[in-house]
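Structure at a glance
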Amino acid sequence: MRSLRHAILPLAAATVLALIGAGTAAEAAPAPAGTKTQLTTGTSTASGNGATSVGRAARLSNGAPVDSAQDIAALERFWTPERMAKAVSLDKAPAAPRPDAAKEAGPTGKPGRIPSAPARSGMPAPLINESAAVGKVFFTNPSNGGTYACSASALNSDSKQMVVTAGHCVHGGSGGTWMTNWVYVPRYRSGARPFGTFAAKQMRTFNAWINSSDLRRDVAMVTTWPLNGNKIVNVTGGHGMSWNFSRTQPITIFGYPGNFDSGELQWTCTGTTRAASDGGIELQCNFGGGSSGGPWLREFNDSNGLGSVNGVMSTVTSTGWNEAAYFDDAVKAMYDAQGGVT
């Protein structure tokens with residue numbers, strides 16, 4: 001059984017909500033029955049379980065790297081409340097599951113975890129089921145010039161500057177390219193930016209996603225620029241990370257699904273995951289476009305809004321089953337490669 005709750009309901013009113021509404025006009029059309037839809041120049045690489053990842057400097061839509069205070073200020077001006085509200089909740093069709101996926105039902109290595117980190121500054125207690133370490137991301141797709149939105153979360157690392165999201169929120173996959181004008185807005189709420197706008201500095205995702213749109217590798221990690229000298233994890237706190245755990249886990253999912261409150265507020269879903277047919281993990285939350293990249297958290301702590309990222313939102317079926325790629329040694333290798341970038 002899973003529970004779905006509005007991000008800012010008081011505890012006494014938190015209940016399982018009916019899944020209603022067909023999404024906003026800005027979203028892509030729903031997928032046919034039985035299919036899934038994505039909720040959707042550095043050269044260093046990391047390897048693990050046969051997968052490699054590659055990093056690239058974040059860029060503006062004109063192709064220039066984001067590497068100055070002027071660029072960061074320009075991105076903040078670009079992303080007006082009106083433009084953020086009109087950004088399309090990313091959603092597109094993925095490939096079919098692999099027939100041999102059942103062979104990967106168990107953990108692929110020794111389980112490991114990285115601890116979360118609280119904010120350094122005095123942070124007021126979070127509202128029930130809203131996390132300061134979760135936010136909304138906005139970007140431009142150079143393939144069509146459109147503006148899009150996903151979800152992401154701050155991830156504790158040596159740099160204190162990293163967020164984790166879905167691969168398709170940083171790169172278009174096979175035939176696509178790297179997204180531009182990429183920013184992360186922690187605890188975004190109906191245009192409000194309580195902690196400011198953090199511009200991307202460097203993005204990293206798997207070559208398997210870039211070359212083949214492989215949903216098993218629909219994961220990305222992004223190093224952000226400090227804002228006014230403050231690093232994102234020190235400002236909002238950062239989640240820990242888990243890998244190689246059982247696919248059956250009590251999980252709390254956060255994100256900004258466009259089919260609830262038009263993606264303007266955080267929503268959560270809680271339940272116990274199960275193994276998906278292509279080796280990932282799944283939970284029936286019916287989170288649509290815009291929730292892509294939102295964290296799937298083990299050990300979520302309501303008192304500080306932090307948990308351990310065990311997956312990120314990737315797809316949804318026509319019957320409301322959401323899926324995340326399995327976090328294995330390759331994801332840990334990606335973390336190791338990106339976590340110290342400053």
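Worth saying up front: this structure is predicted, and the values here are computed from it rather than measured.

Turning to the overall build of the protein, a few remarks are in order. When its secondary structure is counted, the protein shows five helices and 20 strands. Counting across all 342 residues of the protein, residues that qualify as buried make up 59%. With an accessible surface of roughly 12,700 Å², the protein has 53% of that area assigned to carbon and sulfur atoms.

So, about the pattern of salt bridges. Using the criterion set out here, one finds seven salt bridges in the structure. Its salt-bridge partner being D328, residue R217 comes within 3.0 Å of it at the nearest N-O pair. Of this pair, R217 sits in the loop between α3 (207-212) and β12 (220-224) while D328 sits in the loop between β20 (321-324) and α5 (329-338); the two residues are 111 residues apart in sequence, bridging distant segments of the chain. Look at R217 and you get buried, because its relative accessible area is 9%. Here R298 ties to E299 by a salt bridge, and the two come within 3.6 Å at their closest N and O atoms. Look at E299 and you get partly exposed, because its relative accessible area is 47%.

Under the criterion given, the structure shown has eight aromatic pairs. Through a chain of ring-to-ring contacts, the aromatic side chains of F78, W79, F138, Y188 and Y256 assemble into a single cluster. Note that R217 overlies the ring of F206, its terminal NZ or CZ placed 5.1 Å from the centroid. A cation over a ring is seen here: R274 above W321, with NZ or CZ 3.7 Å from the ring centre.

On to the state of the cysteines. Tallying each qualifying case throughout the model produces two disulfides. A sulfur-sulfur separation of 2.1 Å characterises the disulfide bridge that pairs C150 with C169. Between C150 and C169 the sulfur-sulfur dihedral comes to about -85°; the bridge is accordingly left-handed. With a gap of 19 residues between them, C150 in strand β8 (residues 146-155) and C169 in the loop between β9 (162-165) and β10 (180-186) connect regions that are remote in the sequence. Relative accessible area serves as the criterion here: at 0%, C169 is assigned to the buried category. Sulfur-sulfur distance for the disulfide between C269 and C285 comes to 2.1 Å. Its S-S torsion of approximately -80° makes the covalent link between C269 and C285 left-handed.

Where burial is concerned, most of strand β15 (residues 267-272) is hidden: five out of the six residues are buried. For strand β14 (residues 250-255) and β15, the ladder comprises six bridges, and the chain directions are antiparallel. Residue T252 lies in a different strand from β15, and its bridge partner there is T270.

With respect to the helices, strands and loops of the structure, Q249 is situated in the loop between β13 (240-243) and β14. Of note is the side chain of Q249, whose polar atom sits 3.0 Å from the side chain of R298.

This part is about unusual backbone geometry. Across residues other than glycine, the phi torsion is negative in most instances, and most of the peptide bonds are trans. Notably, S262 is not glycine yet its phi reads approximately 55°, a positive angle. When you line up the elements, S262 lands in the loop between β14 and β15. Owing to a relative accessible area of 43%, S262 belongs among the partly exposed residues under this scheme. At E299, a position not held by glycine, the phi torsion is positive, near 55°.

As a further point, take the environment of R59. For R59, the location among the structural elements is in the loop between β4 (51-57) and α1 (69-78). Linking R59 and W182, residues 123 residues apart in sequence, is a C-alpha distance of 7.8 Å. There is a polar contact of 2.9 Å between the side chain of R59 and the backbone oxygen of G63.

This paragraph deals with the pairing of β12. In terms of burial, β12 is largely enclosed, as five of its five residues are buried. Going residue by residue along β12, you find A220, V222 and T224 tucked away on one face and M221 and T223 tucked away on the opposite face as well. Relative to β12, β9 is paired through four bridges, and the arrangement is antiparallel. Bridged to V163 within β12 is V222.

The rules behind the values
- Residues numbered from 1 in each chain as written.
- Predicted model: local features only at pLDDT ≥ 70, side-chain atom pairs only at ≥ 80, totals over all residues.
- Heavy atoms only, no water.
- Helix = DSSP H or I, 4+ residues; strand = E, 2+ residues; numbered from the N terminus.
- Buried < 20%, exposed > 50% of the residue type's maximum accessible area, 1.4 Å probe, protein only.
- Areas by Shrake-Rupley, 256 points an atom, 1.4 Å probe, with all protein chains shown as cover.
- Salt bridge = Lys/Arg side-chain N within 4 Å of Asp/Glu carboxyl O.
- Phe/Tyr/Trp six-rings, centres within 6.5 Å; stacked < 30°, edge-to-face > 60°.
- Lys NZ or Arg CZ within 6 Å of the ring centre and 35° of its normal.
- Disulfide = S-S within 2.5 Å.
- Pairing = 2+ DSSP bridges.
- Polar contact = N/O pair within 3.5 Å; in protein donor to acceptor, adjacent residues only side chain to side chain.

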